[in-house]
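Spelled out, the chains give:
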Amino acid sequence: QQPVQSPQAVILREGEDAVINCSSSKALYSVHWYRQKHGEAPVFLMILLKGGEQKGHEKISASFNEKKQQSSLYLTASQLSYSGTYFCGTAYAGNNRKLIWGLGTSLAVNP
Amino acid sequence: NAGVTQTPKFRVLKTGQSMTLLCAQDMNHEYMYWYRQDPGMGLRLIHYSVGEGTTAKGEVPDGYNVSRLKKQNFLLGLESAAPSQTSVYFCASSYAASYSNQPQHFGDGTRLSIL
């Protein structure tokens, strides 16, 4: 039931792009994306809803493939501030008031 | 703009002691959540509440109790602390939402060590 995130870790140089995936074995109603810096709380980035609606961050984009039950987070022209751990949280039919979280993807952006 | 406030921020307990963690939000959110975060384990839901006076179990509820007597507060209690409960605890809140279509707002966390 826990979504699977890939890759587990990414190292980028400033300006490079990255894609982080979140896959589920169950039908999804929504996918949340959050970024957490070391020692801090998770911060909301994006929500993707069944049906295609998106809510979130201006500089980060994401997709939601309902057929594959997968969401992808696209980080383009990465900045040093993008470093952190990215988590996806998923909501399912019959379980839609709470999120089940992936284990996270660690992203390091170097100068 | 306080948002979600957790107290205390740090605490060290001895095995068998009890304590209560307090979460307060000033955004008039209906839903509130308690998570624990351990290295490599992501966020795991302990208990949650969808409104004043209501609580429900999450993924890892054993050893914890909660209460939501007021809409703005959500308390997490450890009756008899165990070393396995050493963790970082996060509280979060959100507006009521069908299919979780509202973001969760997190507090800064409570770092709890059980010796």
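Just so it is clear, the structure is predicted and the values come from calculations on it, not from any experiment.

Trainee: Explain the state of the cysteines here, please?
Mentor: All names here are of chain B. The tally for this structure, following the rule as stated, stands at 2 disulfides over all chains. The residue that forms a disulfide with Cys23 is Cys91, at a sulfur-sulfur distance of 1.9 Å. When the S-S torsion is -75 degrees, as for the bridge of Cys23 with Cys91, the disulfide is left-handed. Within this pair, whereas Cys23 is found in strand S3 (residues 19-25), its partner Cys91 is found in strand S9 (residues 87-94), the two being separated by 68 residues in sequence.

Trainee: I'm lost on the sheet that holds strand S8 (residues 70-75) of chain A in this one. Help?
Mentor: The strands making up a sheet are joined through hydrogen bonds of the backbone, oriented either antiparallel or parallel. All names here are of chain A. Strands sit in the order S1-S3-S8-S7 across an open sheet of 4 strands; the sheet is antiparallel. At either margin of the open sheet sits one strand with a lone partner, and together these are strand S1 (4-6) and strand S7 (61-65). Shown here is a sheet whose adjacent strand axes are inclined to one another by a mean of 15 degrees, direction ignored. Two elements, S7 and S8, share 5 bridges in a ladder whose sense is antiparallel. Counterpart to Ala62 in the pairing with S8 is Leu73.

Trainee: I keep staring at the pairing of strand S11 (residues 105-110) of chain A and nothing clicks. Help me out?
Mentor: Consecutive side chains of a regular strand alternate in pointing toward one face of the sheet and then the other. All names here are of chain A. Burial of the side chains of S11 is restricted to one face: Thr105, Leu107 and Val109 are buried, whereas none of Ser106, Ala108 and Asn110 on the reverse face is. For strand S2 (residues 9-13) and S11, the ladder comprises 5 bridges, and the chain directions are parallel. Note on S11: the bridge partner recorded for Leu12 is Val109. As defined by bridge partners, strand S9 (residues 84-92) adjoins S11 across 3 bridges and the pair is classed as antiparallel. When the bridges of S11 are listed, Gly84 appears paired with Leu107.

About the criteria used
- Residues numbered from 1 in each chain as written.
- Chains lettered and ligands numbered in written order.
- Predicted model: local features only at pLDDT ≥ 70, side-chain atom pairs only at ≥ 80, totals over all residues.
- Heavy atoms only, no water.
- Disulfide = S-S within 2.5 Å.
- Helix = DSSP H or I, 4+ residues; strand = E, 2+ residues; numbered from the N terminus.
- Pairing = 2+ DSSP bridges.
- Axes fitted to C-alpha atoms, helices over the stretch in contact; angles between N-to-C directions.
- Buried < 20%, exposed > 50% of the residue type's maximum accessible area, 1.4 Å probe, protein only.

Worth remembering: the numbers are spatial, not functional.
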